[in-house]
Amino acid sequence: MSDTAVFGVSMDSPAANAAFAKQINIKFPLLSDMNRKMLSSYGILKNYEKGGDTYQWALRANIVIDKDGIIRHIEGGDSAVDPNTAASVCLDLHKKQTAK
Amino acid sequence: MKRLLACSLLLAFAPAFTSVTASPQKKDEIPKLTLKVGDPAPDFALLSDEWKTVKLSDFRGKKNVLLAVCILAFTGG
């Protein structure tokens, strides 16, 4: 769908993301949230307690944002490993927007 | 006799196994997302793997955006 921009987001550096993108021959850009600003503003960054220490870690998540900047789909955790639901939301958006 | 021994060993270690499998994250401990459908998406500016800044606001009125958040590079999750 040419009217949907797809991005991966991780807590890793652009260099690590570039190496990862090359290794798996990924077709969309990987964005780096090293300071975790975006992840915390989206509520995806969570604290995990382990052995008396607290670690900050991102949840696996899929998010679809429409052209007006409104969230149309958001899922986190194990179900977000499967991108099909998010992809079908994009397809529905595309159909609605082109029907206008 | 062997079966009895196997059963008693299983019972002896069962609590250890259950505590190991249950400890990392129970179902009800999975954090809930703070944003929901219909909320405005907070803007962000992130560096791409080609060291270019990508802003969400750049796509306003132009494209829908699909974000797939994985924890780290080189991970399936």
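The structure displayed is predicted, hence computed values, not measured ones. Throughout, residues of each chain are indexed from 1 in the direction in which the sequence is written. Lettering of chains starts at A and numbering of ligands starts at 1, both following the order in which they are written. Reporting in this predicted model follows two pLDDT cut-offs: at least 70 for local features of residues, and 80 or more for side-chain atom pairs to be given and counted; totals over whole chains, interfaces and linings ignore these cut-offs and use all residues.

1. Section: the overall build of chain A
Counted only if it meets this: Strands are runs of DSSP state E lasting at least two residues, helices are runs of H or I lasting at least four, and both sets are numbered from the N terminus onward. Exposed residues have 12 or fewer other C-beta atoms within 10 Å of their own C-beta, buried residues have 20 or more, and partly exposed residues fall in between, where C-beta atoms are placed from the backbone. We call two residues in contact when the distance between their C-beta atoms, placed using the backbone, is within 7 Å.
Scanning chain A for helices and strands turns up three helices and six strands. Along its sequence from the N terminus, chain A presents helices and strands in the succession β-α-β-α-β-β-β-β-α. Considering only C-alpha atoms, chain A reaches an extent of 55 × 30 × 20 Å along its principal axes. Residues classed as buried in chain A amount to 36% of the 100 residues present. The contacts in chain A between residues at least 6 apart in sequence include a share of 22% that link residues at least 24 apart.

2. Side note on the sheet that holds strand E2 (residues 30-32) of chain A
Definition in use: DSSP bridges decide pairing: two strands pair if at least two such bridges lie between them. Axis angles are defined between N-to-C directions and span 0 to 180 degrees, where every axis is a line fitted to C-alpha atoms and, for a helix, only to the segment in contact.
In space, the seven strands of this open sheet follow the order E6(A)-E5(A)-E3(B)-E1(A)-E2(A)-E1(B)-E2(B), with mixed pairing throughout. At either end of the open sheet lies a strand with only one pairing partner, and these are strand E6 (71-76) of chain A together with strand E2 (53-55) of chain B. Taking each pair of neighbouring strands and ignoring which way they run, the sheet shows an average axis angle of 30 degrees. The pairing of strand E1 (residues 4-10) of chain A with strand E3 (residues 64-69) of chain B spans six bridges and is classified as parallel. Counted as the bridge partner of phenylalanine 7 of chain A is leucine 67 of chain B from E3 of chain B. In this fold helix H1 (residues 14-23) of chain A packs onto E1 and E2 of chain A together with strand E1 (45-48) of chain B, with an angle of close to 160 degrees to the strand it touches most, E2 of chain A. Against the sheet, helix H3 (residues 84-99) of chain A contacts E1, strand E5 (61-65) and E6 of chain A together with E3 of chain B, and its axis sits at roughly 175 degrees relative to E6 of chain A.

3. Things to note about the domain arrangement of chain A
Residues and elements named next belong to chain A. Heads up, the condition is: Domain start and end points were adopted from an automatic or database domain assignment. Think of it as three bins: nonpolar holds Ala, Val, Leu, Ile, Met, Phe, Trp, Tyr, Cys and Pro, charged holds Asp, Glu, Lys and Arg, and polar takes everything else, Gly as well.
Entries for chain A in the domain assignment read domain 1 (1-43) and domain 2 (60-100). The C-alpha-based centres of domain 1 and domain 2 are spaced at 17 Å. The interface of domain 1 with domain 2 comprises four residues on the first partner and five residues on the second. Residues belonging to the side of domain 1 that touches domain 2 are distributed by class as follows: two nonpolar, one polar and one charged.

4. Quick notes on the interface of chain A and chain B
The partner chain B presents 37 residues to the 52 residues of chain A that form the contact. The set of elements that each furnish at least two residues to the side of chain A that touches chain B consists of E1, H1, E2, helix H2 (37-41), strand E4 (53-58), E5, E6 and H3 of chain A. Residue composition of the side of chain A that touches chain B, grouped by class: 32 nonpolar, twelve polar and eight charged.

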